[in-house]
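In case you want the letters, here they are:
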Amino acid sequence: GDYDGDDVLLIGLPSITAAVKNTVCPKEHIDHIESGYKVGQIVESSGGQEEELNCLMQDQLVKGCMRAVKEVALMGVVNTLWFKNADKDISEFGEFGSNTLKLVRLQELVLDAPKTGFSIEKGQLDKFDTGMPHWASKDRQRHRGAENRSSSALGKLHDLPPVADWLEKFLAPHGPTPVHGHS
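What you see is a predicted model; the values in this text were computed from it and never measured. Along each chain, the written sequence defines residue order, and numbers are assigned to residues from 1. For a predicted model such as this one, the threshold for reporting local features is a pLDDT of at least 70, and the threshold for listing and counting side-chain atom pairs is 80 or more; totals across whole chains, interfaces and linings nevertheless cover every residue. Only hydrogens and water are removed before side-chain values are computed, so all heavy atoms of the structure are retained for them.

Quick look at the overall build of the protein chain now. Counting from the N terminus, the helices are the DSSP runs of H or I reaching at least four residues and the strands are the DSSP runs of E reaching at least two. For the protein chain, the count of helices and strands is 9 helices and 0 strands. Across the 183 residues in the protein chain, those meeting the buried criterion constitute 25%. When contacts within the protein chain are restricted to residue pairs at least 6 apart in sequence, long-range pairs at least 24 apart make up 55% of them. Here the Shrake-Rupley method, with its probe set to 1.4 Å, supplies the accessible areas, and only the displayed protein chains count as covering residues. In the form shown here, the protein chain has an accessible surface area of approximately 13,100 Å², with 59% of it arising from carbon and sulfur atoms. For each residue, the accessible area found with a 1.4 Å probe, counting protein chains only, is set against the maximum for its type, and the residue is called buried under 20%, exposed over 50%, and partly exposed in between. Contacts between residues were defined by any pair of non-hydrogen atoms, one from each residue, lying within 4.5 Å.

As structure tokens, then:
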């Protein structure tokens, strides 16, 4: 699956897992095939040999699972970069810029990475880091980069004075607030 709402089922019930036997593959069976192959390519690569096919399929499953574990945070990294770029673009130009639009494409690629084999090193994403908008919560400040002054809708909402500072003044011209059920 991918990270678009699919359900994941992990089975640890001994009566089921005990029946599963992993194939132990000699290294020469798997050295010639890289991760991310489609099933048809794996079958073709096995030359019709059942033992080799089992080894190749097992190897691809392990590689795919390991890749998913290693890249589990990548979607969050790309999404965070998108919102930083989007907020900066809206604040400075009133529209999305080229980096924000490139990050939209990356979001699509990263979302389907478990199926397609797409990967990208986190270092390749450094060019997209613009710093956090000032309205981002303090726990988001752990992301590196300078803080950006935002004039987006979220930045403007963040800059409003606390409700306690203006609520009574706003309500005063309308008289006392009615209590629910009474006039």
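Soluble globular proteins tend to bury their nonpolar side chains together. Residue types Ala, Val, Leu, Ile, Met, Phe, Trp, Tyr and Cys, when buried and joined through side-chain atoms within 4.5 Å, form a set referred to as a nonpolar core. With 10 residues, the main nonpolar core is built from Leu 74, Met 75, Val 78, Leu 81, Leu 103, Leu 106, Val 110, Ile 120, Leu 125 and Phe 128. Secondary-structure elements contributing two or more residues to this core are helix H5 (74–93) and helix H6 (98–111). Sorting elements by how many residues they give to this core places H5 first, with 4 residues.

Our next topic: H5. Helix span, expected: 1.5 Å multiplied by one less than the number of residues in the helix. Given a rise of 1.5 Å per residue, 20 residues ought to cover 28 Å, and the 28 Å separating the end C-alpha atoms of H5 matches this to within 8%. For H5, the set of buried residues is Leu 74, Met 75, Val 78, Thr 80, Leu 81, Phe 83, Lys 84, Asn 85, Ala 86, Asp 87, Asp 89 and Ser 91. Elements that come into contact with the buried residues of H5 comprise H6. Looking one or two residues beyond H5, the residue adopting positive phi is Gly 94, at roughly 80°.

To continue, consider the environment of Ser 119. Within the secondary structure, Ser 119 sits in the loop between helix H7 (113–116) and helix H8 (153–159). The exposure class assigned to Ser 119 is partly exposed, which follows from its relative accessible area of 43%. Put simply, Ser 119 and Leu 74 are 45 residues apart on the chain and 9.3 Å apart in space, counted from C-alpha to C-alpha.

With that settled, consider the confidence of the model for the protein chain. Per-residue confidence from the predictor is reported as pLDDT, a score between 0 and 100. Mean pLDDT over the protein chain works out to 76, with 71% of the residues at or above the 70 mark. Looking across the protein chain, the model is least confident in helix H2 (residues 27–30), with a mean pLDDT of 51, and most confident in H6, with 92. Here residues 139–146 scores under 50 on pLDDT; set against residues more than four positions off or in separate chains, the count is 17 contacts.

With that out of the way, let us pick up the pattern of salt bridges. By definition, a salt bridge exists where a carboxyl oxygen of Asp or Glu is found within 4 Å of a side-chain nitrogen of Lys or Arg. In total, this model carries 4 salt bridges according to the counting rule given. Here Lys 88 and Glu 92 are joined by a salt bridge, their closest N and O atoms 3.3 Å apart. Here Lys 88 pairs with Glu 92, and both are found in helix H5, just 4 residues apart, close to one helical turn. Across the salt bridge formed by Asp 159 and Arg 149, the nearest N and O atoms sit 3.0 Å from each other. Here Asp 159, found in helix H8, pairs with Arg 149, found in the loop between H7 and H8; they are 10 residues apart in sequence, far enough to count as distant.

Bringing the packing of aromatic side chains into the picture now. Here a pair means two rings of Phe, Tyr or Trp (six-membered ring of Trp) with centres within 6.5 Å. Their orientation is stacked below 30 degrees between planes, edge-to-face above 60, and tilted elsewhere. Under the defined criterion, the tally for this structure stands at 3 aromatic pairs. Plain terms: the ring middles of Trp 82 and Phe 96 are 5.8 Å apart, the flat faces sit at 70° to each other, and that makes the pair edge-to-face. On the criterion of sequence distance, the pair formed by Trp 82 in helix H5 and Phe 96 in the loop between H5 and H6 is long-range, its members being 14 residues apart. When its relative accessible area of 25% is taken as the criterion, Trp 82 is described as partly exposed. Geometrically, the ring pair formed by Phe 83 and Trp 135 is tilted, given 5.6 Å between the ring centres and 40° between the ring planes. One end of the pair, Phe 83, is in helix H5; the other, Trp 135, is in the loop between H7 and H8, and 52 residues separate them in sequence.

For helices, the fitted line uses only the C-alpha atoms of the stretch in contact; every axis is such a line through C-alpha atoms, and the angle between N-to-C directions lies from 0 to 180 degrees. The contact between H5 and H6 brings their axes to 9 Å, and the two run at 160°. Overall, the two elements H5 and H6 adopt an arrangement that is roughly antiparallel. Where H5 crosses over H6, the handedness of that crossing is left-handed. Side by side, H5 and H6 meet where Leu 74, Met 75, Val 78, Asn 79, Leu 81, Trp 82, Asn 85, Ala 86 and Asp 89 of the first sit next to Asn 99, Thr 100, Leu 103, Val 104, Leu 106, Gln 107, Val 110 and Leu 111 of the second. Partitioned by chemical class, the residues of the contact of H5 with H6 number 11 nonpolar, 5 polar and 1 charged. Here roughly perpendicular refers to angles of 65 to 115 degrees, roughly parallel to angles under 35, roughly antiparallel to angles over 145, and oblique to all remaining angles. Here is the rule for handedness: rotate from the far helix to the near one, and if that takes an anticlockwise turn smaller than a right angle the crossing is left-handed, while a clockwise turn gives right-handed. Note on residue classes: Ala, Val, Leu, Ile, Met, Phe, Trp, Tyr, Cys and Pro are nonpolar, Asp, Glu, Lys and Arg are charged, and everything else, Gly too, is polar.

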